[in-house]
Amino acid sequence: MIFRGMKRLKNISEKDGKINSGNISELLNHEILTPEQVKDIRVSSVLEENLRFLQDLLGHNKDVIIRRILIGTSPRIPSALIYIEGLADKAILNNNIMKSLMIEIPEESCGSDPLYLREYLLKTALTISNLKNTRQMNEIAINILSGDVVLLVEGVDDAVIINIRGHKEKAISEPESEILVRGPREGFTETLETNISLIRRKLKSPNLSFDHMLIGKITLTEVSVVYLKGLASPDLVEEVKQRLQRIKIDGILESGYLEEFIEDNPYSPFPQMHHTERPDRIVAGLLEGRVAIMTDGTPFVLIVPVEITSFLTSPEDYYERYYLGTLILWVRYISFGVSLLLPSFYIAITTFHQEMIPTRLLISIASYRQGLPFSTLLEALLMELTFEVLREAGTRLPRAVGQAVSIVGALVIGQAAVQAGIVSPLMVIIVAFTGIASFTNPSYNLGITMRFLRFPLMFLAGMLGLFGVMFGIVMIHIHLAQIRSFGLPYLASLSPLHWSDLKDVLVRGPWWSMDTRPWELGERNRRRQIPGLKPSPPRADKAGGN
Amino acid sequence: MMIRRIFVTFLIIMLTISSGCWDRRELDDLGIVNGIGIESAPGGKIRIIAQTLNTSAIVRGTGGGGAGTTFQKAYRNTVAEGNSLQDAIDNLTKVTPIQRFFSHNSVVIVSEELARKQGIRSIMDFLERNPELRLDPWLIIGRGSLVSLMDQPGRITLIPSQRIDNYMKIHKISSTYAPLNVGQFIRSIQSPCCQPYTAVIETGPNESLSDEPGHDLASGVVPEPLNQIIVNGTAVFKEDKMVGWLNAPESRGLLWVRGEVEQGYINFSIPGEQDRFAETSILRSSSKLEPSIKDGQIMITATIKVDTYLIEVQGNIDPGITEELKKLEDAQDAEISKEIKAALKKAQGEYHADIFGFGAAIHRGYPAEWKQLEAQWDEAFPGLQVEIKVESSIRHTSLINKPAEAARQ
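Residues numbered from 1 in each chain as written. Chains lettered and ligands numbered in written order. Predicted model: local features only at pLDDT ≥ 70, side-chain atom pairs only at ≥ 80, totals over all residues. Heavy atoms only, no water.

Q: Give me the sheet that holds strand β6 (residues 208-215) of chain A: which residues, what numbers.
A: Residues and elements named next belong to chain A. Spatial ordering of the open sheet is given by β6-β7-β9-β10-β8, a layout of five strands whose pairing is antiparallel. Each edge of the open sheet is held by one strand with a lone partner, namely β6 and β8 (274-276). The average undirected angle you get between the axes of adjacent strands in this sheet is 25°. Note: strand β9 (residues 291-295) against strand β10 (residues 301-304), three bridges, orientation antiparallel. From the neighbouring strand, V291 faces β10, where its bridge partner is V304. Along the sheet, helix α9 (residues 255-262) makes contact with β6, β7 (221-228), β9 and β10, crossing β9 at roughly 135°. Across the sheet, helix α10 (residues 279-287) touches β6, β7, β8, β9 and β10, and the angle it forms with β10 is around 25°. (Pairing = 2+ DSSP bridges. Helix = DSSP H or I, 4+ residues; strand = E, 2+ residues; numbered from the N terminus. Axes fitted to C-alpha atoms, helices over the stretch in contact; angles between N-to-C directions. Contact = heavy atoms within 4.5 Å.)

Now the structure itself:
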């Protein structure tokens, strides 16, 4: 059946512009139809033929509206507006399109010359800013499905696409996943156009480029590759586009789909690109020569390439004073280590290397372990698991119930388990501190990696002690040293080492000292600003000279 | 390729599982030993007293002691005998079935009897060889019964061995006893040019014990303990055998020469006044041992420089006046040199043990001559001429210059 359908479709297209098959609806019963397949079909000058085709293609759905109207007063030319209910702005449609076409059109313009009529419609009749025309049926279909209004006129083998997309969309609000104390409060929304405008507003450069493509055979999701010409390496941009074009998938619902198709190391637990809801973060990345990938339908924009240290920075580091930025950066680095290693260090030291613990601490740890039923490893695994369960429960539940979960969790796990003699209070402290340390990680995706890697390290610690922990750390380092993100070494700036980049890695240098862009990325345009911008009070001799 | 990768991963996992866990011990299974006492037992055997901590009693507190609660001791001493130290330790497991853990040991107390008669070389080997034992616990000599010495808990420091450890840690405050830890002791035994020494402790009656009724358990008050630990000077060794003992001033004499006095107080009578004393607090001290050869005879010049400040003057003297202060300084010099001479007299005259490190100084100054001298150093040391030069100065007089009495005149 499918093959027959294909053949039939071929028959349609072979007739080159002449539509005489109404069998598309039958074809749709058997196959997923993509606009690509009706690429060769042109708009006919017979209105009814076009309408029948579109009706077959789009189905007789309630939300597909075909409004037949008569243009002008005399002669009255039959024509039709096709749009999807809820995606087009009805007020504009009524006032600026239908009113213009049906009432305000002067008599002489509706002559019998279709060419003149077409020109008139495109250039004079419609008071709409975003207009274009096409003869391709596939383009018409896509535009209707995207929310545009299409005007078809009897005798004109051309369609007018009127962009008055006006679907309901979320207002721009503060991104919930990345909250700052100081910094812009706006976040991306689910609409690509809005997101593009948010970036444009921050970056008024003619070099800013958006390269659009449609990904997803069925969903036809619009994806935009954003970069600054002259700053981002053209090879990188080309590579990003190629990887994106390789994707042949039914649908893209979130940028996470794309992420897994285009990353360099599909088996690595480490995230190889950033996702962010913050336009300021994207703009900062673009200014460093990175490339952003925006997906329609999600506020999460991807940014590539990235190195591991950039996961541990927050935009706020750059907005607050640099002393504070540096301090907080190091707090995060330390918490990063703690969240990965603290439980395994505790297990290793208390079960293998008791001589390393100061005597008084040993006494208190030993006293609380007296009479506990489980080994330290099992105890730690149990508590970590409980913590993960609590965290997951807290994340998924509605906010009002989530609070109840955390209260129950803190009471049951924190106190009752200790009082019942199942876990030691020290283990509770360790697990709690590990959990809190992992919350300092500004990137949710790297945090998940830490949560995941903690468990094998705990097993290694339980079996081989500190030797096992070191083994685990070395293995992780070997892995980090070999993976890349779009060709950029994952440990970039540290290994391979670039001294000039350490101003933004080991410390957050003051802005007047960060003269150069990251070494690996800013190849095409090294300088961010002129050197010597450090402010200083005007000197007396200088002032006198002036 | 895929199969090989899975196989390698499997191998790594098996390697960790099969080779892991062998020396794993849970904390609650360990008996943390905080102090060891070693004494000789009849039949040439060695008796060991291991002080194991009762961790839950320490952390949750032994105090309280209200009705119905039993008083839990913060530690437990177990005693066993054996042919060697390890043998005795092995026998300890027959007394209590726990794995003893020696890494947190803080004191090794050797009985005076064992140290005098058998020498401590046999136990030094064990202390040095065993990887679980560290070299930083104090090695000290215990007088009298070690069992009673190791059973004197404090009110604040609940564990006797930690109490003894604290005594040793604060030895610099008075500088009147000179403890060595195991590592330092081993080093000085091995050195041909100096002899080891260490602090001595014993139990004595507690003089603050009140006779009055109402200060006992019957009236609900935990009384002062009967006995207390007393640190009593310094034991002098020759090789590994204890040969004698220095009292507190003599011990400081030893430390003056070794340049190890850092804090402490010097009490001396004020010149020209009867039964009036002045006391100074030591700020710093240094010593310099200079060997010289005069007429084929080796002699040592010990220069001790001491800085102090005045903390108490009983006499009618104004230290604000330079001449008066000079008098005090001279008296202080005399006091220091008296302490040194007393120590020298005992070491040279009675014990023939070069605890001062004079041999080492000669070794440094005259390496060639030392080679001949080394073999007969034991005989030569008692006759060694030592010239003592003390240069002490009182740096300031604390908050006031004149005592109240002097001011009124």
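Q: Could you give an account of the interface of chain A and chain B, naming the residues involved and the relevant values?
A: Counting residues at the interface gives 28 residues for chain A, matched by 26 residues for chain B. When residues of chain A are sorted by the area they lose upon contact with chain B, E355, I363 and M463 of chain A head the list and together hold 23% of the total. Summed over the shared surface of chain A and chain B, the number is three salt bridges. Of the charged contacts, one joins E26 of chain B and R369 of chain A as a salt bridge, the two residues approaching to 3.5 Å between their closest N and O atoms. Taken together, chain A and chain B are joined by eleven residue pairs in polar contact (both at pLDDT 80 or more). (Buried area = accessible area lost by both parts, 1.4 Å probe. Salt bridge = Lys/Arg side-chain N within 4 Å of Asp/Glu carboxyl O. Polar contact = N/O pair within 3.5 Å; in protein donor to acceptor, adjacent residues only side chain to side chain.)

Q: Provide a residue-level description of the domain arrangement of chain B, including the pertinent values.
A: Residues and elements named next belong to chain B. Per the domain assignment, the segments making up chain B are domain 1 (28-246) and domain 2 (249-409). In this structure, domain 1 and domain 2 have C-alpha centres spaced 32 Å apart. Domain 1 puts 22 residues into the contact, and the matching count from domain 2 is 25 residues. Of the roughly 2000 Å² buried between domain 1 and domain 2 on both sides combined, carbon and sulfur atoms contribute 60%. For the interface between domain 1 and domain 2, the tally reads one salt bridge. Between K172 and E262 there is a salt bridge, and its shortest N-O distance comes to 3.5 Å. Where domain 1 touches domain 2, the interface holds twelve residue pairs in polar contact (both at pLDDT 80 or more). For the side of domain 1 that touches domain 2, the secondary-structure elements that each account for two or more residues are α8 (171-174), β9 (227-238) and β10 (241-246). (Domains from an automatic or database assignment.)

Q: Explain the pattern of salt bridges to me, using residue names and the numbers behind them.
A: Any two side chains of opposite charge can pair, on the condition that their charged atoms come close. Under the defined criterion, the tally for this structure stands at 51 salt bridges over all chains. The residue E288 of chain A makes a salt bridge to R290 of chain A at a minimum N-O spacing of 2.8 Å. For the pair E288 of chain A and R290 of chain A, a shared accessibility class is recorded, and that class is buried. A salt bridge links R47 of chain B to E39 of chain B; the nearest nitrogen and oxygen atoms lie 3.0 Å apart. Salt bridges sharing partners connect three or more residues here, namely R118, E119, K123, R135 and D158 of chain A. (Buried < 20%, exposed > 50% of the residue type's maximum accessible area, 1.4 Å probe, protein only.)

Q: Mind laying out the pairing of strand β1 (residues 30-41) of chain B, listing which residues take part and the relevant values?
A: Residues and elements named next belong to chain B. Across the twelve residues of β1, twelve count as buried, placing the element largely inside the fold. Hairpin connection of β1 to strand β2 (residues 45-53): three residues between the antiparallel strands, including G43 at a positive phi of 80°. Two elements, β1 and strand β5 (residues 107-111), share four bridges in a ladder whose sense is parallel. If you follow I36 over to β5, its bridge partner there is V108.

Q: A description of the packing of aromatic side chains should follow, citing residues and the corresponding values.
A: Geometry of an aromatic ring pair is reported as the spacing of the ring centres plus the angle between the planes. Enumeration according to the criterion identifies twelve aromatic pairs over all chains in this entry. Residues F387 of chain A and F439 of chain A carry aromatic rings whose centres are separated by 6.4 Å and whose planes lie at 55° to one another, so their mutual orientation is tilted. On the criterion of sequence distance, the pair formed by F387 of chain A in helix α15 (residues 376-396) and F439 of chain A in helix α17 (residues 425-439) is long-range, its members being 52 residues apart. Judged by its relative accessible area of 18%, F387 of chain A is buried. On the numbers, 5.4 Å between centres and 70° between planes, the contact of W370 of chain B with W377 of chain B is edge-to-face. Per residue, the accessibility class of W370 of chain B equals that of W377 of chain B, and both read buried. The structure contains a cluster of three or more aromatic residues connected by ring pairs, namely F356, F358, W370, W377 and F381 of chain B. The ring of W512 of chain A carries the charged tip of K534 of chain A above its face, separated from the ring centre by 6.0 Å. Geometry around W245 of chain B places R143 of chain B over its ring, the cationic atom sitting 4.7 Å from the centre. (Phe/Tyr/Trp six-rings, centres within 6.5 Å; stacked < 30°, edge-to-face > 60°. Lys NZ or Arg CZ within 6 Å of the ring centre and 35° of its normal.)

Q: Could you give an account of the state of the cysteines, with specific residues and numbers?
A: Residue and element names in this part refer to chain B. Per the stated rule, a full pass over the model turns up zero disulfides over all chains. No disulfide involves C193; its nearest neighbouring cysteine sulfur is the one of C194, lying 4.8 Å away. The exposure class assigned to C193 is buried, which follows from its relative accessible area of 7%. For C194, a relative accessible area of 16% translates into the label buried. (Disulfide = S-S within 2.5 Å.)

Q: Requested: an account of the packing of helix α13 (residues 322-351) of chain A against helix α19 (residues 466-482) of chain A, with residues and values cited.
A: All names here are of chain A. Between α13 and α19, the shortest axis-to-axis distance is 8 Å and the interhelical angle comes to 155°. In terms of orientation, α13 and α19 fall into the roughly antiparallel class. Contact residues: α13 offers L340, L341, S344, F345, A348 and I349, while α19 offers L466, V469, I473 and I476. Considered class by class, the residues forming the contact of α13 with α19 number nine nonpolar, one polar and no charged. (Parallel < 35°, antiparallel > 145°, perpendicular 65-115°, else oblique. Nonpolar A, V, L, I, M, F, W, Y, C, P; charged D, E, K, R; others polar.)

Q: Give a description of helix α5 (residues 121-129) of chain B that names residues and reports values.
A: Residue and element names in this part refer to chain B. Taken together, the buried positions of α5 are I123, M124, F126 and L127. One side of α5 holds all its buried residues, which, seen down the axis, span an arc of 160°. Seen from the buried face of α5, the exposed residues on the opposite side, beyond 90 degrees, are S122 and R129. (Arc of directions from axis to C-beta.)

Q: Which residues make up the pairing of β9 of chain A, and what values do they have?
A: All names here are of chain A. Burial analysis of β9 places five of its five residues in the buried class, which makes it a mostly covered element. Of the two faces of β9, the one holding V291, I293 and T295 and the one holding A292 and M294 are both buried throughout. Of the strand pairs in this sheet, β7 and β9 are connected by four bridges, and their pairing is antiparallel. By the bridge assignment, V226 is partnered in β9 with A292. Once β9 ends, the chain turns through five residues before running back antiparallel as β10, passing G297 with a positive phi of about 100°.

Q: Account for the packing of α15 of chain A against α17 of chain A, naming residues and giving values.
A: Residues and elements named next belong to chain A. Look at α15 against α17: their axes get within 10 Å of each other, and the N-to-C directions meet at 45°. The angle between α15 and α17 places the two elements in the oblique class. As for how α15 packs across α17, the hand of that crossing is right-handed. Contacts between α15 and α17 involve T376, E379, A380, M383, E384, F387 and R391 from the first element and M427, V428, V431, T434, G435, S438 and F439 from the second. When its residues are assigned to classes, the contact of α15 with α17 shows seven nonpolar, four polar and three charged. (Left-handed = near helix turned anticlockwise from the far one by under 90°.)

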